[in-house]
Amino acid sequence: MTAPVQQKYDTYLKRKMSLKTSFTFVLLIALIVWSFIYTGFNVGDLMVGLPQIGDLFAQMIPPDMSYLSQITQPMLDTIRMAIVSTVLGSIVSIPVALLCASNIVQKKWINIPARFVLNIVRTIPDLLLAAIFVAVFGIGQIPGILALFILTICIIGKLLYESLETIDPGPMEAMTAVGANKVTWIVYGVVPQAISSFASYVLYAFEVNIRASAVLGLVGAGGIGLFYDQTLGLFQYPKTATIILFTLVIVVIIDYVSTKVREQLA
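The model shown is predicted, which means the values in this text are computed figures rather than measured ones.

Novice: So what about the overall build of the protein chain? Which residues, and what values?
Specialist: Regarding its fold elements, the protein chain presents 10 helices and 0 strands. Across the protein chain, helices and strands are ordered from the amino to the carboxyl terminus as α-α-α-α-α-α-α-α-α-α. Residue burial in the protein chain is summarised as follows: out of 266 residues, 33% are buried. Accessible area for the protein chain stands at about 16200 Å²; split by element, carbon and sulfur atoms hold 72% of it.

And the structure:
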């Protein structure tokens, strides 16, 4: 290809990329504008509501710290719910992730349906799951644990199978060459490469479950969320502020500890 022809070809490619970039940008702007119009978002309405937010926070001050004695046990229940659901969910997520990983189960009729089911379940909000389980089992901690259990499977299963698909295939190929069975192949070829990522995902799921369990109580799924619903419904805002601060402290502590643990696993 001669220099003038090469120059024309490069100019054509640049124009094509420029047009493609411009079209993508215009499409993105149009999508954003359409979303603002369709949702009826109005800056004026937002400005009108801001003083009401200020009034709400003003009613929360000062927090009713004497309420701590009444919410300590529910907060412990919330943490226990998160622990149980995280442990059970992380165990079940292992076979789910193995079935979804195309380099582990090399049969499309298995991993494609497994991924499809996992994605379908992931689309169900945890609040909806909790509401369904409350309708089945009644108000209490069991519905919350079941909802968080499914949430944990979805989180860890998704992250883990994507991580499994990026592991080094060398050890598995070597063991296949010497006739190792599937179990040995997984235990000695997959587990050593995935264990640190799995532990990190479990800690992340535990953090998510702590936050989620505090909200699930709003639909009767036990834990501290029941007291959120109660105090807000009775306009006891100083008590609500105490619950928020207590939850914040617990979440920050757990987040700090899990971050340090993940750093050691990295």
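Novice: Describe the packing of helix α4 (residues 108–122) against helix α6 (residues 141–164), and please don't skip the residues or the numbers.
Specialist: Close contact between α4 and α6 brings their axes to 10 Å; oriented N to C, the two are set at 135 degrees. The angle between the axes of α4 and α6 places the two elements in the oblique class. Viewed along their axes, α4 and α6 form a crossing whose handedness is left-handed. Here α4 contributes R115, L118, N119, V121 and R122 to the contact with α6, which in turn contributes I150, I153, C154, G157, K158 and Y161. Of the residues in the contact of α4 with α6, the class split is 6 nonpolar, 2 polar and 3 charged.

Novice: Outline the pattern of salt bridges, supporting the account with residue identities and numerical values.
Specialist: With the rule as written, the count across this model stands at 2 salt bridges. Note that D77 and R80 form a salt bridge whose closest N and O atoms lie 2.8 Å from each other. One end of the pair, D77, and the other, R80, are both in helix α3 (residues 68–100), 3 residues apart, so they sit about a helical turn from each other. On the basis of relative accessible area, D77 is assigned to the buried category, the value being 16%. Where K158 meets E162, a salt bridge forms, and the shortest distance between an N and an O atom there is 3.0 Å. Linking K158 with E162, this pair stays in helix α6, spanning 4 residues, or about one helical turn.

Novice: Got a sec to walk through the environment of Q264? Specific residues and values, please.
Specialist: For Q264, the position within the fold is in helix α10 (residues 237–265). A relative accessible area of 68% places Q264 in the exposed class. Along the sequence, Q264 and S196 sit 68 residues apart, while their C-alpha atoms lie 9.6 Å from each other.

Novice: Go over the UniProt feature "transmembrane region" (unreviewed entry) in the protein chain with me, naming the residues and quoting the values.
Specialist: Residues annotated in UniProt with the feature "transmembrane region" (unreviewed entry) correspond here to residues 21–41, 82–104, 185–204, 210–228 and 240–258. End C-alpha to end C-alpha, residues 21–41 measures 28 Å, and it is 90% helix and 0% strand. Segment residues 185–204 splits into 100% helix and 0% strand. End C-alpha atoms: 27 Å apart.

Novice: Any details on the nonpolar core? Residues and values, ideally.
Specialist: Counting residues in each nonpolar core, the largest one holds 37 residues, and the members touching the most others are I104, I156, L160 and L164. Counting residues per element, this core draws most heavily on helix α8 (residues 182–216), at 11 residues. Among the nonpolar cores identified, the runner-up in size contains 16 residues, and A82, I224, F227 and Y228 belong to it.

Novice: Which residues make up the environment of I250, and what values go with them?
Specialist: Following the sequence through the fold, I250 ends up in helix α10. Overall, I250 belongs to the buried group, its relative accessible area being 16%. Residues I250 and M75, spaced 175 residues apart in sequence, show a C-alpha to C-alpha distance of 8.8 Å.

Novice: Give a description of α6 that names residues and reports values.
Specialist: Relative to the 34 Å expected for 24 residues at 1.5 Å per residue, α6 spans 33 Å between its end C-alpha atoms, a close match to the ideal helical length. By the criterion of burial, α6 is predominantly enclosed, with 17 of the 24 residues buried.

Novice: Hey, could you go over helix α5 (residues 126–137) for me, with residue numbers and the actual values?
Specialist: Helix length check: α5 (12 residues) gives 16 Å between terminal C-alpha atoms against 16 Å at 1.5 Å per residue, within 8%. Taken together, the buried positions of α5 are L129, A130, F133 and V134. One side of α5 carries all its buried residues, which in axial view fall inside an arc of 135 degrees. Turned more than 90 degrees away from the buried face of α5 sit A135 and V136, all of them exposed. At the exit of α5 stands G138, carrying a positive phi of roughly 90 degrees.

Parameters and conventions
- Residues numbered from 1 in each chain as written.
- Predicted model: local features only at pLDDT ≥ 70, side-chain atom pairs only at ≥ 80, totals over all residues.
- Heavy atoms only, no water.
- Helix = DSSP H or I, 4+ residues; strand = E, 2+ residues; numbered from the N terminus.
- Buried < 20%, exposed > 50% of the residue type's maximum accessible area, 1.4 Å probe, protein only.
- Areas by Shrake-Rupley, 256 points an atom, 1.4 Å probe, with all protein chains shown as cover.
- Axes fitted to C-alpha atoms, helices over the stretch in contact; angles between N-to-C directions.
- Parallel < 35°, antiparallel > 145°, perpendicular 65-115°, else oblique.
- Left-handed = near helix turned anticlockwise from the far one by under 90°.
- Contact = heavy atoms within 4.5 Å.
- Nonpolar A, V, L, I, M, F, W, Y, C, P; charged D, E, K, R; others polar.
- Salt bridge = Lys/Arg side-chain N within 4 Å of Asp/Glu carboxyl O.
- UniProt positions renumbered as here; feature names shortened; annotations may be inferred.
- Core = buried A, V, L, I, M, F, W, Y, C linked by side-chain atoms within 4.5 Å.
- Expected span 1.5 Å × (residues − 1).
- Arc of directions from axis to C-beta.

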